[in-house]
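# Observations on the model geometry
Each chain, written out:
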Amino acid sequence: YNRALKNPEGKFGLYVYENQNGMYQLAVGKKMKFLKPHMSISSLAEGYKILRQLSDNYHLCPRLSYLQNSQTDCSKIDGGKCDGSCHDPQHAPAYNQKVEDALQSLKSESETYMVVQQGRSDEEKCCIIMEEGVFYGMGFLDDGRLSEKLSVMKEHILPSPSYQYIHHLIESHIVQYPAQVNLLS
């Protein structure tokens, strides 16, 4: 009856790892049970689109982002969009900083916020927590706990799995009721 929850979701992820030269590499691949991706992605095409945007905006090497598979020179060196880090491991610290900046930009786009509605009684509120763009969980908090730190509030919220369907429901609710959203730091 509920087809939306039967669809497999976020089968791919954006992974970051360090190669044998000490340089960070970005890759898109299927989700693996014991590896936590930096970001969940619904399709390979979406993942490669994100990699191309990061590569263009932060001058990341396409060879180190699996956008170019050939062993020849990087395709963006001639255009000045790649500094040739893939050829010289001595550039690893500077290149790794660029990768960290790119990943931080992805994280900053994903806000941490809470949706607050009327609870079961006048003394409590219903809360839904989205942490860095990922659904954390929902539950009921006393009015006094709403002003506490996120870590304290999370102790009283029931963690739940995050599905694309839940994200869609929360996003559509936020559009209808923007006053119920409280940004958290």
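Everything discussed here concerns the structure shown above.
Let me begin by describing the structure that accompanies this report. (Residues numbered from 1 in each chain as written. Predicted model: local features only at pLDDT ≥ 70, side-chain atom pairs only at ≥ 80, totals over all residues. Heavy atoms only, no water.)

This brings us to the overall build of the chain. In terms of regular secondary structure, the chain is built from 5 helices and 8 strands. Secondary structure elements of the chain, listed N to C terminal, follow the sequence α-β-β-β-α-α-β-β-β-α-β-α-β. Per-residue burial over the chain gives 36% buried out of 185 residues. Sequence separation of at least 24 residues holds for 43% of the intrachain contacts in the chain that already meet a minimum separation of 6. When the accessible area of the chain is evaluated, it comes to approximately 11800 Å², of which 51% is carbon and sulfur surface. (Helix = DSSP H or I, 4+ residues; strand = E, 2+ residues; numbered from the N terminus. Buried < 20%, exposed > 50% of the residue type's maximum accessible area, 1.4 Å probe, protein only. Contact = heavy atoms within 4.5 Å. Areas by Shrake-Rupley, 256 points an atom, 1.4 Å probe, with all protein chains shown as cover.)

All right, on to a nonpolar patch on the surface then. Residues Tyr-163, Tyr-165 and Leu-169 make up a contiguous nonpolar surface patch of roughly 260 Å² in combined accessible area. Considering the arrangement of structural elements, one finds Tyr-165 in helix H5 (residues 164-176). (Patch = residues over 30% accessible without salt bridge, like charges linked within 9 Å, V, L, I, M, F, W, Y side chains within 5 Å. Salt bridge = Lys/Arg side-chain N within 4 Å of Asp/Glu carboxyl O.)

Moving on, we get to the packing of aromatic side chains. On inspection of all chains with the given rule, the structure shows 0 aromatic pairs. The ring of Phe-140 has Arg-120 lying over it, and the distance from NZ or CZ to the ring centre is 3.9 Å. (Phe/Tyr/Trp six-rings, centres within 6.5 Å; stacked < 30°, edge-to-face > 60°. Lys NZ or Arg CZ within 6 Å of the ring centre and 35° of its normal.)

Together, Asp-122, Glu-123, Asp-142 and Asp-143 make up a negatively charged patch on the protein surface. Along the polypeptide, Asp-142 turns up in strand E6 (residues 134-142). (Lys, Arg positive; Asp, Glu negative; His and termini not counted. Charge placed at Lys NZ, Arg CZ, Asp CG, Glu CD.)

The next point concerns the pairing of strand E1 (residues 12-18). Consecutive residues of a regular strand have side chains that alternate between opposite faces of the sheet. The sheet contact formed by E1 and strand E2 (residues 24-30) spans 7 bridges and is antiparallel. Bridging across to E2, Leu-14 finds its partner in Val-28. The hairpin turn running from E1 into E2, its antiparallel successor, is 5 residues long, and Gly-22 in that turn takes a positive phi close to 85 degrees. (Pairing = 2+ DSSP bridges.)

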